Structure formats: C-alpha cells, structure tokens
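Descriptive structure summary
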Amino acid sequence: PEETEQTALGPLVGAIDQGTSSTRFLVFNAKTAELLSHHQAEINQHFPKEGWVEQDPKEILESVYECVENTCEKLKQLNIDISNIKAIGVTNQRETTVVWDKTTGEPLYNAIVWLDLRTQSTVDHLLKRIPGRDKAFSKFKTGLPLSTYFSAVKLRWLLDNVEEIKKAVEDRRAMFGTIDSWLIWSLTGGKNGGIHCTDVTNASRTMLFNIHSLEWDPELCQFFDIPMEILPKVQSSSEIYGLMVCSLSSGALTGVPISGCLGDQSAALVGQMCFQDGQAKNTYGTGCFLLCNTGQKSVFSEHGLLTTIAYKLGRDKPVCYALEGSVAIAGAVVRWLRDNLGIVSSSQEVEKLAAEVGTSYGCYFVPAFSGLYAPYWEPSARGIICGLTQFTNKNHIAFAALEAVCFQTREILDAMNKDCGIPLSQLQVDGGMTNNKILMQLQSDILCIPVVKPSMPETTALGAAMAAGAAEGVEVWSLDPEDLTAVTCERFEPQINPEESEFRYARWKKAVMKSMGWETTDSPSNGKPK
C-alpha cells in the first residue's frame, strides 16, 4: 500500500526561495501545483554602520542546505519518495551582490544587500561623469536609473574598497554574482566544477545588462570599470543549468537538475500566472513590488517605474518584459517595529495592535529607511512619523505602519495606471504580509479596487518550480494555458467611501514631501552618524 501512495503523486518539483529575510525550500506536485511540504529559516541581517545592510553568503548557503534537509525529512514522514523530485528551481532576492574566490569557494566579503546605502557616494561620483548628471542615462539600455539599489554600484564599491577583492580580480580568481549565481555555482559543485551562470531576469537588475540584446553591455562595464571576465554567463529562466552535487549529509537530491532561475519578483509574476500583456501582481515581502507584464515589448515609464525583464521561459522562447514599481520598505517596517522599537514581539502582533484601534488617528509613517524608491527615486529621504499628539500610542503607530505599505502601493499603482493607460480593475497580491487580513482590507480601501489573494500565498516559489518543471529535458510541468490549474482566491472589496480614501492619501503625500531632502551627501562619508 505504501508504494501505491508514493507513486500516485507523480513528478515533484522543488523550489529554493532565498529572500531578504528568510530562505525556504518548498516541494510542489507538478501535476496539481499543490504545495506538499516546506521548511523556512530566517536570515540574519548585519548593519555594521548606518545605512549599511549585509548578509553572510555562507550563512545563506547553509540555510539552503538546512531547508532542503528538513523538507526532505518532512516528505519522508509523509511517505513521499523524494526520488520523485525531478527538478529544482531557484528564486532569489535580486541585486544583492556577492564576490567569491573560485579556487577556495569562499566569499571575499559579505553580500551587500539591495537595500544598502553605502554606495550613495559612489553614485554621486559616477553622476559627475555623466553629461547633465542624468540619472536616467542608461534607461533605454537597462531600464533602470542610476541608484544605490542595483548591483553595478555595489560591485564598484567592493572593487574600490576591499583589498582581497582587488587582489582576487588581478589574480583572476574572482567571481561576481547575484544570490542566484552564488547558490547555483555552490550547489553544482562550487570550486569543483560549479556552474557560473545567471538568468536574464537577475541580469536585468545589475545595470550592466542590455535588456534588448540580452547580453552584458561592454560600454556599461567600461563606464562602471567592471572586468567582464568576472560576470556569470546569462541564460534563460527555464533550462538545465547543471545538476545538484550535494554536500548534504543525506546525499538527498544529488544529480537532480537545477533548471529554473528567476529573480523573486519575476517568479511571483509567473506563479500568479500573469502571462498576458497587462496582467499585474503586487508582492508584499521585505519591500513591495508591483509588476505588470508588457509582453514582448519593453515599455519605458514616464512616472518613475523601472523597465525590467519579466521572464524568458526557455532558450528558444521569446523574452517578455514588465514595468515595475519598487518600494524598499514594506514587511521590513514590521520587522523594525519588532527588532528596533520592541513594541511587538512577533509580526502577527502588529495586526492585533492595529485592529484594536482601527485607525492611525492622524498619524502618518513614511518608512524611507533606504531613501524613497518608486516613483520618487529620492535617496536623500529618511523615515519620519508625523502627526503625533499626546493621544498617539503604539497601536496607532502599528496601524500607520500598515497604512504606509498600502499608500506606497497606491503610489506605484497610480504610476502604473498612467504609464499603461488602462487602470487595473483589481489587484492580484501575494507574499508573506498578505496573511494579514487588516492589511489586505486597508489596501482595498486605499486603492478603491478589489484585492485578490490566492489561497496558496507562496507564488514566488511556485513560479520558480514552474520554470524548473517546464524546462527542456525535464518537462514535467506544462505551462499551456489550458493545463494551468485555476487558483482559489480570497477577495477583499473596498469598504470606505472614496472621498475618505482620497483625503487620507493626500495627507500621506504631504508626509512624503516632509521626508525628502533630509540627508545631504556632503555629510561625513565614513558612515558614522553625525
């Protein structure tokens, strides 16, 4: 009887989801897209100086092994044969930058996380070399403005400031990669023949990649003074990159192909099945990311959105593009309330505090901890809480923090509607924060449109699993529209009148203006608080 249960499931696909705040490994049934088991591990963030955010690449890799081991163990307890796992997909926090030594397999410095601001002086220095100091100088090649957010400036900082990295580049021992590259290289053998590659979606976030020719751009590499030999090979989002060479004690998954790779926001777009031009999703993670599929044409924003690669699901498949609204701080504001202010001991508690008051009582929280991203791209902004009175308490601040996530989403949705010309009639959402029902209702109220949440919120991992399972040579997951399973959803409808919503949104915009121009770049650049 045990055998029949094990074989009845058919092929399975695993997904490594390496996010900013945690790592997960999830296993899906390739036929039904059902999530069978998963394991999660939180990742430590290091803040060595004000504005600096780092992670240990070895801890990230260890967390992947831990999640794989634990998930495989859980599957065994469920009587599921792990030899049915036919492929593994990787999805990751984008832009975060790692440089390692290919002879030892050791990182040469901590990973510089996408949120990190140490490169502001690097950005200022580079801007001086651009005619008219135009931040958008490479917009039509890369889709991105010059900002601390993208990998090229982080890599430039590492080459300028870390002796070991300079030396390794001279000795031709250095490899650069975003988190996907570091993981795939390590999991396919590391210093013993590991595959050094990335996919088009991750490459499109480096500022070194031409999103039309789909190649590293020699002019941009020259501008940032980046040696091209340290860059990974760019491949599609769905093809066999290499086989798992496991350093897991159990030897689980050895020989399984790694055949899907997507930056986390692209993966969520795929997992939400947004394959049609005009379909969009908003993911609530550490930050908040609204992506709208624009099909095979790249659309350039007039309203502060990025143009990015949505996916390329196979070597010979067309590349699809997306418009993206990026917000740096969403879930991170909840972690900040927990870890920095200590007004809650768990993320769940924020919802409880907010529910007790049901209003921010005129208090507004602009969490510009890393400056403002879309639609402003204002690195000088810093976080503010305003509208405080003697009446304000921690409940109101918790409510204002949730509202901030919703207002920021409204700003990028407004920009998206202007750029696309066709307003979204509803918003598809996913990510860890969508479990917060108060947040979802607030979001619908502030947008004045329904918010639709799939009952399985792990769409990022699902997207990576779909890409891996559909790859040539694996082919256990069909992406044909008629084969895609309909997803059950929960809907949140607007419940307040639009006038009240508009009034609150106008107050929010006033608060945003007050957060700007706070930091000046002529402050001491040694990272010490003034």
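A few points on the structure. All values reported here derive from a predicted model rather than from experimental measurement.

Conventions and cut-offs
Residues numbered from 1 in each chain as written. Predicted model: local features only at pLDDT ≥ 70, side-chain atom pairs only at ≥ 80, totals over all residues. Heavy atoms only, no water. Phe/Tyr/Trp six-rings, centres within 6.5 Å; stacked < 30°, edge-to-face > 60°. Helix = DSSP H or I, 4+ residues; strand = E, 2+ residues; numbered from the N terminus. Buried < 20%, exposed > 50% of the residue type's maximum accessible area, 1.4 Å probe, protein only. Contact = heavy atoms within 4.5 Å. Polar contact = N/O pair within 3.5 Å; in protein donor to acceptor, adjacent residues only side chain to side chain. Disulfide = S-S within 2.5 Å. Core = buried A, V, L, I, M, F, W, Y, C linked by side-chain atoms within 4.5 Å. Axes fitted to C-alpha atoms, helices over the stretch in contact; angles between N-to-C directions. Parallel < 35°, antiparallel > 145°, perpendicular 65-115°, else oblique. Left-handed = near helix turned anticlockwise from the far one by under 90°. Nonpolar A, V, L, I, M, F, W, Y, C, P; charged D, E, K, R; others polar. Salt bridge = Lys/Arg side-chain N within 4 Å of Asp/Glu carboxyl O. Pairing = 2+ DSSP bridges.

Here we come to the packing of aromatic side chains. All told, the structure shown has 25 aromatic pairs when counted by the stated rule. Ring geometry for tryptophan 114 versus phenylalanine 289: centroids 5.7 Å apart, planes at 65 degrees, classification edge-to-face. Taken together, the residues span a long stretch of sequence, with tryptophan 114 in the loop between strand 7 (111–112) and helix 3 (120–127) and phenylalanine 289 in strand 16 (residues 288–295) at a distance of 175 residues. For the pair formed by tryptophan 114 and phenylalanine 289, the shared burial category is buried.

Backbone torsion omega between alanine 374 and proline 375 reads -5 degrees, so that peptide bond is classified as cis. Inspection of the secondary structure assignment puts proline 375 in the loop between strand 19 (364–366) and strand 20 (384–386). Although it is not a glycine, tyrosine 361 sits at a positive phi angle of roughly 50 degrees. Note that tyrosine 361 resides in the loop between helix 12 (347–357) and strand 19.

Before going further, it helps to spend a moment on the environment of serine 236. Structurally, serine 236 is set in the loop between strand 12 (233–235) and strand 13 (238–243). Between the C-alpha atoms of serine 236 and glycine 432, which are 196 residues apart in sequence, the distance is 27 Å. In this structure serine 236 touches Asp199, Tyr241, Lys312, Gly314 and Arg315, once residues within four positions along its chain are discounted. Engagement of the side chain of serine 236 in a polar contact is seen with the backbone nitrogen of serine 238, the distance being 3.3 Å. Of the polar contacts made by the side chain of serine 236, one reaches the side chain of glutamate 239; its length is 2.9 Å.

Attention shifts here to the state of the cysteines. Within the structure shown, the criterion is met by zero disulfides. Free cysteine: cysteine 67, not disulfide-bonded; nearest cysteine sulfur from cysteine 72 at 11 Å. Classification of cysteine 67 by relative accessible area gives buried; the value is 0%. Distance from the sulfur of cysteine 406, which forms no disulfide, to the nearest cysteine sulfur (cysteine 288) is 8.4 Å.

Our focus in this paragraph is the nonpolar core. Counting 140 residues, the largest nonpolar core has Phe28, Leu146, Phe224, Tyr284, Leu427 and Trp477 as the members making the most contacts within it. The element best represented in this core is helix 13 (residues 394–420), accounting for 14 residues. Residues contacting leucine 427, with those up to four places away along its chain left out, are Asn282, Tyr284, Leu290, Thr409, Leu413, Leu447, Ile449, Pro450, Val451 and Val452. Within the second largest apolar cluster, 39 residues are counted, among which are Ile16, Ile179, Ala252 and Leu253.

Below, the discussion takes up helix 7 (residues 179–187). Where burial is concerned, most of helix 7 is hidden: nine out of the nine residues are buried. Those residues of helix 7 that fall on the buried side of the exposure criterion are Ile179, Asp180, Ser181, Trp182, Leu183, Ile184, Trp185, Ser186 and Leu187. Glycine 189 sits one or two positions beyond helix 7 and adopts a positive phi of about 130 degrees.

In contact at an axis separation of 11 Å, helix 2 (residues 57–77) and helix 7 are set at 60 degrees when each is read in the N-to-C sense. Accordingly, the angle class assigned to the pair helix 2 and helix 7 is oblique. Remark: the crossing between helix 2 and helix 7 carries right-handed chirality. Counted together, Pro57, Lys58, Ile60, Leu61, Val64 and Tyr65 of helix 2 and Ile179, Trp182, Leu183, Ser186 and Leu187 of helix 7 form the full contact between these two elements. Tallied by class, the residues present in the contact of helix 2 with helix 7 amount to nine nonpolar, one polar and one charged.

Within this structure, the stated rule accounts for 32 salt bridges. Where arginine 118 meets aspartate 116, a salt bridge forms, and the shortest distance between an N and an O atom there is 2.9 Å. As a salt-bridge pair, lysine 141 and aspartate 217 come within 3.1 Å of each other at their nearest N and O atoms. Of the two residues, lysine 141 sits in helix 4 (residues 139–142) while aspartate 217 sits in the loop between strand 11 (215–216) and helix 9 (218–223), which places them 76 residues apart along the sequence. Residue lysine 141 is classed as partly exposed on the basis of its relative accessible area of 23%. Salt bridges here are not isolated pairs; linked through shared partners, they connect Arg94, Glu95, Arg205, Asp264 and Glu324.

We now examine the side chain of arginine 504. Relative to the helices and strands, arginine 504 is located in helix 16 (residues 498–515). Judged by relative accessible area, arginine 504 falls into the buried class, the value being 15%.

The subject of this paragraph is the pairing of strand 16. Here strand 16 lies mainly inside the structure; eight of its eight residues are buried. Sheet topology note: the strand 15 (residues 280–284)/strand 16 ladder contains five bridges and is antiparallel. Residue pairing across strands places threonine 283 opposite phenylalanine 289, the latter belonging to strand 16. Taking the residues between adjacent antiparallel strands as the criterion, strand 15 and strand 16 are bridged by three residues. Examined bridge by bridge, strand 16 and strand 18 (residues 320–327) share seven bridges and lie antiparallel to one another. Counterpart to glycine 295 in the pairing with strand 18 is tyrosine 321.

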